[in-house]
Amino acid sequence: RVINGTGVLIHTNLGRSPLGAKAVEKVAEIAGGYSNLEFDLNTGERGRRGAFLERCLALQCGAEAATAVNNCAAALVLMLRELAPASRPEVVISRGELIEIGGGFRIPEILESSGACLKEVGTTNRTKIEDFAKAIGSATGILMKVHRSNFYQEGFVEEPSLEDLVSLGREHRIPVVLDLGSGALVSTEELAAIPHEEMITEALRAGVDLVCISGDKLLGGPQAGVIAGREDLIRRLKKNPLFRALRCDKMIFAALEESVMTYLEASEKPDLRLLKMLGESCDALKERAVAIVEQLATLKVECGEGVSRCGGGTMPKAEIPSITLDIRLKSIGLSVAAKQLRMRKTPVVAYVSDDCLKIDLRTVSPEQDGEVVEALKDLLGESG
Ligand SMILES: *Cc1c(COP(=O)(O)O)cnc(C)c1O
């Protein structure tokens with residue numbers, strides 16, 4: 001367990017999105033006993049794994065059908081294996097979307113390792129619908145679009161609209177597949193002062209045949225890859241032998257199901273830990289910061305300001321104003337102090353900026369404030 005003082009909400013190195021309280025409870029309940037994972041209570045015979053979860057996912061995504069696998073990368077591999085087989089191995093994709101997500105995860109490498117043949121079209125900055133049209137042939141399996149999760153393109157740029165890609169796909173009866181990465185399930189601009197992130201519902205309304213997103217990015221659930229879209233295609237994916245190798249276990253199903261239920265049951269903002277942190281006001285954070293500073297009785301820690309980020313390769317431009325604890329030290333270096341905080345029994349991960357050590361309270365849960373106080377007392381006691 002680590003206390004995340006970095007202000008990076010979906011911190012890949014710190015386990016991405018924290019689960020909501022109800023999901024955590026559900027996992028504990030399911031993990032410690034038996035469940036109807038693959039059991040039809042009605043007939044008393046073998047049932048379909050995840051049938052209820054799939055229904056919930058489809059409802060929330062506004063899709064005909066949906067399913068879940070291990071992560072978004074797995075979803076991508078599965079879709080490629082099924083829809084770009086040896087007989088039609090070509091995947092048409094814009095040169096502007098052959099991206100690296102992070103941690104060495106490169107879209108072109110994933111495509112090729114799945115046995116698909118890359119058919120790159122357009123240029124880095126400009127791709128037109130005609131480029132896609134010209135590339136289509138008897139070996140075309142998929143028209144592919146990948147969300148530029150962690151960078152933006154500005155200036156002399158062009159890309160075909162999703163609608164144009166969809167009509168081209170329909171004309172040639174070739175599935176259009178979108179890897180959306182984070183893919184919000186609610187309007188992000190309503191959660192915080194951040195831009196709108198493309199939603200899975202929007203992509204499906206545009207007519208995309210299949211979309212995949214990560215469960216532990218903006219969705220705020222466990223590591224999983226959600227695939228939503230056409231019912232016949234989802235059925236095919238689930239029949240592919242690879243599906244068995246990529247399927248989720250009961251704990252992930254429990255956590256994902258509970259997270260998606262939270263969306264379905266919400267009248268306004270879903271009561272999910274990640275979304276709450278994202279939308280927390282600076283006033284509320286400031287109140288906590290003041291209370292912490294008061295408990296410390298030292299002039300070395302004061303309330304400061306910082307910028308929280310989504311992280312996880314999501315919305316890199318989104319800067320969320322936040323409140324920090326600023327620790328100013330003279331006797332020991334800032335990196336030494338940061339290490340001392342990290343080496344605690346419950347590590348506190350702070351960051352260095354503006355000549356001080358900062359702890360962003362947006363990513364620290366209020367229940368952890370007491371531990372932060374203890375950590376700072378120990379640090380300042382030692383450093384004098
Ligand atoms: C993050 C991301 C992935 C990988 O998702 P995982 O769930 O980590 O496998 C794939 N594609 C895009 C566009 C992403 O942003």
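Refer to the preceding data block for the structure.
Model, not experiment: these values are computed from the prediction.

### Structural notes on the overall build of the chain
Step number 1: Within the chain one finds 14 helices and 17 strands.
Step number 2: For the chain, whose C-alpha radius of gyration is 23 Å, the value lies close to the compact-globule estimate of 21 Å for 384 residues.
Step number 3: Counting only C-alpha atoms and orienting by the principal axes, one finds that the chain spans roughly 75 × 60 × 35 Å.
Step number 4: Taking as baseline every contact in the chain between residues at least 6 positions apart, the subset at least 24 positions apart corresponds to 74%.
Step number 5: Counting every atom, the chain has about 17,800 Å² of accessible surface; 50% of that belongs to carbon and sulfur.
Step number 6: For the chain, the distance from the average position of its 47 positive side-chain charges to the average position of its 55 negative side-chain charges is 4 Å.

### A short note on the site of the ligand
Step number 1: Residues in contact with the ligand amount to 13 residues; listed here are only the nearest, Ala73, Ser149, Asp179, Ser214 and Lys217.
Step number 2: Contact between the ligand and Arg16: an oxygen atom at 2.9 Å from a side-chain N or O atom of the residue.
Step number 3: Ser214 has a polar side-chain atom sitting 2.5 Å from an oxygen atom of the ligand.
Step number 4: Bound to the protein, the ligand loses 94% of the 390 Å² it would expose on its own.
Step number 5: Class assignment of the residues belonging to the shell around the ligand gives a composition of 5 nonpolar, 5 polar and 3 charged.

### Focus on the pattern of salt bridges
Step number 1: This structure, assessed with the given rule, holds 28 salt bridges.
Step number 2: Where Lys22 meets Glu265, a salt bridge forms, and the shortest distance between an N and an O atom there is 3.5 Å. With Lys22 in helix α1 (residues 21-31) and Glu265 in helix α10 (residues 250-265), this pair connects stretches of sequence that are 243 residues apart.
Step number 3: In this structure Lys22 comes out as partly exposed when scored by relative accessible area, which is 39%.
Step number 4: The partner of Glu97 in a salt bridge is Lys145, and the shortest N-O contact between them spans 2.7 Å.

### Observations concerning the packing of α1 against α10
Step number 1: Where α1 contacts α10, the two axes come as close as 8 Å, and the packing angle between them is 145°. Crossing of α1 over α10 shows right-handed handedness. Contacts between α1 and α10 involve Lys22, Ala23, Lys26, Val27, Ile30 and Ala31 from the first element and Lys250, Met251, Ala254, Ala255, Glu258, Ser259 and Glu265 from the second.
Step number 2: Residue composition of the contact of α1 with α10, by class: 7 nonpolar, 1 polar and 5 charged.

### Things to note about the sheet that holds strand β10 (residues 176-181)
Pairing between sheet strands relies on hydrogen bonds along the backbone, with the strands arranged either parallel or antiparallel.
Step number 1: With mixed pairing, the 7 strands of this open sheet are ordered in space as β4-β12-β11-β10-β9-β5-β8. Among the strands making up the open sheet, the edge pair consists of β4 (65-69) and β8 (117-121). Sheet twist, expressed as the mean angle between neighbouring strand axes with direction ignored, is 25°.
Step number 2: Sheet topology note: the strand β5 (residues 90-94)/strand β9 (residues 140-146) ladder contains 3 bridges and is parallel. Looking across to β9, one finds that Glu90 is bridged to Thr140.
Step number 3: In this fold helix α2 (residues 51-61) packs onto β4 and β12 (225-229), with an angle of close to 120° to the strand it touches most, β4.

What counts, and at which threshold
- Residues numbered from 1 in each chain as written.
- Predicted model: local features only at pLDDT ≥ 70, side-chain atom pairs only at ≥ 80, totals over all residues.
- Heavy atoms only, no water.
- Helix = DSSP H or I, 4+ residues; strand = E, 2+ residues; numbered from the N terminus.
- Rg over C-alpha atoms; globule rule 2.2 N^0.38 Å.
- Contact = heavy atoms within 4.5 Å.
- Areas by Shrake-Rupley, 256 points an atom, 1.4 Å probe, with all protein chains shown as cover.
- Lys, Arg positive; Asp, Glu negative; His and termini not counted.
- Charge placed at Lys NZ, Arg CZ, Asp CG, Glu CD.
- Near = heavy atom within 4 Å.
- Polar contact = N/O pair within 3.5 Å; in protein donor to acceptor, adjacent residues only side chain to side chain.
- Nonpolar A, V, L, I, M, F, W, Y, C, P; charged D, E, K, R; others polar.
- Salt bridge = Lys/Arg side-chain N within 4 Å of Asp/Glu carboxyl O.
- Buried < 20%, exposed > 50% of the residue type's maximum accessible area, 1.4 Å probe, protein only.
- Axes fitted to C-alpha atoms, helices over the stretch in contact; angles between N-to-C directions.
- Left-handed = near helix turned anticlockwise from the far one by under 90°.
- Pairing = 2+ DSSP bridges.

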